[in-house]
Amino acid sequence: MKVFTAEQIREADAHTIRNEPVTSIGLMERAARAIFQWMVNCYDPSKRIAVVCGTGNNGGDGLAVSRMLHEHGYRVDVYVINRKTTGSDDFETNLNRLPVPWKQISESGEIPSFEQYGLIIDAIFGTGLSRAAEGIYAESIRAMNDSSVEILAIDLPSGLFPDASSAGMKVVHATVTLTFQLPKLALLMPENGRCTGEWEVLDIGLDQDFISSQHSPFSLITAGLVDQLIPARSKFDHKGNYGHGIIIAGSHGKIGAAVLAARAALRSGIGLLTMYIPRDGYPILQSAVPEAMVITDENEHYLSGIPDLEGASAVGIGPGIGRQAETVYTLEEALRNSNKPMVLDADALNLLAEHPHLKDLVPENSILTPHPGEFRRLVGEWNNDFERLDKQRSLSRERKWIVVLKGSHTSVSFPDGQVFFNTTGNPGMATAGCGDVLTGVITSILAQGIKPTAAALCGVYIHGYAGDLAREAGSEAGLIAGDVVRYLPHAFAAFE
Ligand SMILES: NC(=O)C1=CN([C@@H]2O[C@H](COP(=O)(O)OP(=O)(O)OC[C@H]3O[C@@H](n4cnc5c(N)ncnc54)[C@H](OP(=O)(O)O)[C@@H]3O)[C@@H](O)[C@H]2O)[C@H](O)CC1
Ligand SMILES: [K+]
């Protein structure tokens with residue numbers, strides 16, 4: 001699924017009105033109906049609802065939803081902020097159609113006490129926000145946020161720019177955001193998590209051919225995409241068909257990282273797996289993961305040498321390796337001896353940042369999986385998440401790397417400038433070892449002969465999905481990395 005800018009959404013909107021038997025007001029009716037139907041499934045009429053509207057089309061949506069709710073027995077109080085002059089045409093039409101009285105919120109008047117409501121619908125601004133909310137708009141938003149009442153935002157939380165940073169601005173803190181047709185970039189940025197709440201995309205039937213014809217550098221990783229990218233297994237296959245991966249991992253006190261990566265790789269379909277670890281990890285790894293082969297470094301506590309990478313169909317390096325001076329040699333030699341894309345994670349990335357000349361040795365199309373801290377060490381500071389996204393894209397373009405920047409909506413950037421945002425995963429996965437599991441999953445998929453771009457997308461999605469299944473079976477707080485491994489087979493089952 002593509003992510004569109006506000007401009008592209010407007011064009012899709014206009015194109016649909018021009019080419020289909022639907023008018024502008026008809027489209028607004030569809031949009032409102034989609035919101036209303038979503039609400040009927042989630043809220044019963046016992047909740048008293050405040051609908052706070054601006055005077056653009058977002059406000060028009062709010063008015064149409066108010067009408068539908070009223071017609072179905074919901075108790076709604078409609079507020080319009082600052083209707084000094086006339087609003088948009090479709091706003092005015094829906095104001096005329098409103099079967100209940102409405103109240104004005106104006107600069108000179110009082111702001112209602114929102115605490116009396118069970119739900120607030122936010123319809124002040126959508127994609128048409130042109131500047132930061134100030135004055136009565138900012139005050140209304142503040143009162144809505146301070147009320148602690150659940151807020152449902154139509155299309156976008158009011159005050160949030162769809163395609164640029166809104167850092168430091170007054171923005172509605174929605175509990176849920178129902179956005180029309182396609183997601184907007186702002187919904188994917190961690191800095192906006194507090195404002196967007198959970199969000200969902202509602203189909204309002206904009207022209208699909210037009211949407212397909214439009215280029216967007218941004219997309220979501222969906223189950224449908226992963227399904228297309230994962231090849232089916234054949235009954236005539238043997239373990240030789242599923243590759244031989246080598247994962248270089250672990251140091252004293254962090255052999256667990258190697259164990260998690262190994263288990264994850266084996267649970268992701270790899271044919272053969274060799275782990276290269278420091279000597280004192282040998283008994284731990286062999287007993288914890290008997291399915292893996294193990295080669296040990298001559299050093300007891302950390303890595304200082306390199307295995308033969310000749311027969312490997314993919315190499316992953318980084319989980320738990322630490323930053324010993326000797327381990328720099330391991331990384332450098334691994335990079336020099338790999339002629340195929342690799343997977344680099346954790347301290348392999350920190351060592352790259354500390355020894356920048358090593359960056360030139362990273363094979364093209366390698367997959368780097370930094371968390372934000374590791375990413376910052378690689379590229380320096382950023383002022384907001386949009387700037388961070390720019391830096392991620394530049395790094396992918398300049399170095400020809402696939403960068404998997406981990407977080408909620410993990411972003412995967414490609415050398416051609418495309419970025420895919422993940423739709424699986426949960427806050428329970430922000431826990432030690434989940435990154436090691438991801439390295440194992442991606443290395444495993446890559447080793448099976450799947451292209452690096454597809455391996456990164458499938459790995460990220462399935463890792464998050466396994467985490468979601470683990471949460472369902474337990475809880476977010478109780479989730480540990482081993483649970484993600486445990487649910488990998490269930491996650492893969494969805495694609496068999
Ligand atoms: N295809 C779709 O997705 C559909 C979307 N719909 C809904 O329409 C809105 C977009 O509507 P639009 O009228 O373009 O914009 P808004 O309603 O978001 O707001 C525009 C008005 O607000 C004024 N504005 C903007 N920023 C501020 C501010 N900081 N302070 C005060 N006023 C502000 C703006 O005034 P200008 O001075 O900037 O001109 C406008 O008056 C979309 O989000 C959906 O909810 C359709 O219903 C169906 C199709
Ligand atoms: K809104």
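Residues numbered from 1 in each chain as written. Chains lettered and ligands numbered in written order. Predicted model: local features only at pLDDT ≥ 70, side-chain atom pairs only at ≥ 80, totals over all residues. Heavy atoms only, no water.

## Overview of the UniProt feature "binding site: AMP" (unreviewed entry) in the chain
Piece 1. Residues annotated in UniProt with the feature "binding site: AMP" (unreviewed entry) correspond here to K406, G407, S408, H409, T410 and G435. For the residues just named, distributed over 30 residues, the greatest C-alpha separation is only 14.5 Å, placing them together at one site.
Piece 2. One can find S408 in the loop between β15 (402-405) and β16 (411-413).
Piece 3. Its location among the elements puts G435 in helix α15 (residues 434-447).
Piece 4. The class of G435 is partly exposed, set by a relative accessible area of 22%.
Piece 5. Residue contacts for G435: discarding those within four places in its chain leaves D345 and K406. (UniProt positions renumbered as here; feature names shortened; annotations may be inferred. Helix = DSSP H or I, 4+ residues; strand = E, 2+ residues; numbered from the N terminus. Buried < 20%, exposed > 50% of the residue type's maximum accessible area, 1.4 Å probe, protein only. Contact = heavy atoms within 4.5 Å.)

## Brief notes about the environment of G459
Piece 1. Tracing the sequence through the fold places G459 in helix α16 (residues 452-473).
Piece 2. On a C-alpha basis, the gap between G459 and S444 in space is 8.8 Å, while along the polypeptide they are 15 residues apart.

## Digging into the domain arrangement of the chain
Bring the parts together and some accessible area is lost; that lost area is often taken as the interface size.
Piece 1. When the domains of the chain are assigned, the result is domain 1 (6-216) and domain 2 (223-493).
Piece 2. Computed from C-alpha atoms alone, the centre-to-centre distance between domain 1 and domain 2 is 41 Å.
Piece 3. Each partner contributes to the interface: domain 1 provides 14 residues, whereas domain 2 provides 8 residues.
Piece 4. At the boundary of domain 1 with domain 2, total buried surface from both sides reaches about 970 Å², with 68% on carbon and sulfur atoms.
Piece 5. Area buried by domain 1 at its contact with domain 2 is led by L188, M189 and P190, which between them contribute 48% of it.
Piece 6. The interface formed by domain 1 and domain 2 includes 0 salt bridges.
Piece 7. Between the two partners, domain 1 and domain 2, sit 1 residue pair in polar contact (both at pLDDT 80 or more).
Piece 8. A class-by-class count of the residues in the side of domain 1 that touches domain 2 yields 8 nonpolar, 4 polar and 2 charged. (Domains from an automatic or database assignment. Buried area = accessible area lost by both parts, 1.4 Å probe. Salt bridge = Lys/Arg side-chain N within 4 Å of Asp/Glu carboxyl O. Polar contact = N/O pair within 3.5 Å; in protein donor to acceptor, adjacent residues only side chain to side chain. Nonpolar A, V, L, I, M, F, W, Y, C, P; charged D, E, K, R; others polar.)

## As for the coordination of the potassium ion (ligand 2)
Piece 1. Those protein atoms acting as donors to the potassium ion (ligand 2) are N58 (OD1), D122 (O), F125 (O), I154 (O), L156 (O) and S158 (OG), and they sit at 2.5 to 3.1 Å.
Piece 2. Each of the 6 donor atoms bound to the potassium ion (ligand 2) contributes to angles spanning 65 to 171°, and the resulting shape is irregular.
Piece 3. Sequence spacing of the donor residues for the potassium ion (ligand 2), all on one chain, is N-x63-D-x2-F-x28-I-x1-L-x1-S. In this pair, N58 is assigned in helix α3 (residues 57-71) and D122 in strand β4 (residues 119-123), connecting sequence segments 64 residues apart. The burial state of N58 is the same as that of D122; both residues are buried. (Donors = N, O, S within 2.8 Å, 3.2 Å for Na, K, Ca; no water. Tetrahedral: all angles 85-135°; square planar, octahedral: opposite > 155°, others 65-115°.)

## Looking at the site of ligand 1
Piece 1. In the region of ligand 1, 22 residues are neighbours, and D61, G126, S130, R131 and D155 sit closest.
Piece 2. In the model, an oxygen atom of ligand 1 is placed 2.9 Å from a nitrogen or oxygen of the N57 main chain.
Piece 3. Contact distances for ligand 1 include 2.6 Å between an oxygen atom and a side-chain N or O atom of D155.
Piece 4. Summarising the interface, the protein chains cover 78% of the accessible area of ligand 1, which totals 940 Å² for the free molecule.
Piece 5. Of all the secondary structure elements, the ones that give two or more residues to the shell around ligand 1 are α1 (6-19), α2 (24-42) and α3.
Piece 6. If one sorts the elements of the shell around ligand 1 by residue count, α3 sits on top with 3 residues. (Near = heavy atom within 4 Å. Areas by Shrake-Rupley, 256 points an atom, 1.4 Å probe, with all protein chains shown as cover.)

## Things to note about the packing of aromatic side chains
The geometry of an aromatic ring pair comes down to the distance between the two centres and the angle between the two planes.
Piece 1. As enumerated under the stated definition, the model contains 9 aromatic pairs in all.
Piece 2. With 5.7 Å between their ring centres and 45° between their planes, F375 and W382 make a pair best called tilted.
Piece 3. On the basis of relative accessible area, W382 is assigned to the buried category, the value being 12%.
Piece 4. Ring geometry for Y461 and Y465: centres 6.2 Å apart, planes at 45°, overall tilted. Taken together, the residues span about one helical turn, with Y461 and Y465 both in helix α16 at a distance of 4 residues.
Piece 5. Three or more aromatic residues link up through ring pairs in this structure, and these residues are Y79, F114 and Y117. (Phe/Tyr/Trp six-rings, centres within 6.5 Å; stacked < 30°, edge-to-face > 60°.)

## So, unusual backbone geometry
Piece 1. For N365, which is not a glycine, the phi torsion comes out positive at approximately 65°.
Piece 2. On the secondary structure map, N365 appears in the loop between α12 (347-354) and β14 (367-369).
Piece 3. Classification of N365 as partly exposed rests on a relative accessible area of 30%.
Piece 4. Of note, the phi angle at H409 is positive, near 55°, even though the residue is not glycine.
Piece 5. Residue position: H409 is located in the loop between β15 and β16.

## Some thoughts on α1
Given 3.6 residues to a turn, an α-helix orients residues that are three or four positions apart in the same direction.
Piece 1. Across its 14 residues, α1 extends 20 Å between first and last C-alpha, which sits within 8% of the 20 Å expected from 1.5 Å per residue.
Piece 2. Burial in α1 covers these residues: A6, Q8, I9, A12, H15 and T16.
Piece 3. On its buried face, α1 is in contact with β6 (176-180) and α7 (208-213). (Expected span 1.5 Å × (residues − 1).)

## Looking at the pairing of strand β12 (residues 314-317)
Piece 1. Burial along β12 is two-sided: the residues A314 and G316 and V315 and I317 are all buried.
Piece 2. Taken together, β12, helix α11 (residues 325-337) and strand β13 (residues 343-345) constitute a β-α-β crossover, and its handedness is right-handed. (Right-handed = clockwise from strand over helix to strand, strands pointing away.)

## Section: the sheet that holds strand β8 (residues 218-221)
Strand pairing in a sheet relies on backbone hydrogen bonds. The paired strands run either parallel or antiparallel.
Piece 1. Taken together, 10 strands build an open sheet; the order of strands is β8-β17-β16-β15-β14-β13-β12-β9-β10-β11 and the sheet is mixed. At either margin of the open sheet sits one strand with a lone partner, and together these are β8 and β11 (293-296). Neighbour-to-neighbour, the strand axes of the sheet open up by a mean angle of 20°, direction not taken into account.
Piece 2. Bridge count for β14 against β15 is 2 bridges, and the pairing is parallel. Note on β15: the bridge partner recorded for L368 is V403.
Piece 3. Sheet contacts for helix α9 (residues 255-266): β9 (244-248) and β10 (272-277); angle to β10, the most-contacted strand, approximately 170°.
Piece 4. Most of the contacts of α12 go to β13, to which it runs at about 80°, and overall it touches β12, β13 and β14. (Pairing = 2+ DSSP bridges. Axes fitted to C-alpha atoms, helices over the stretch in contact; angles between N-to-C directions.)

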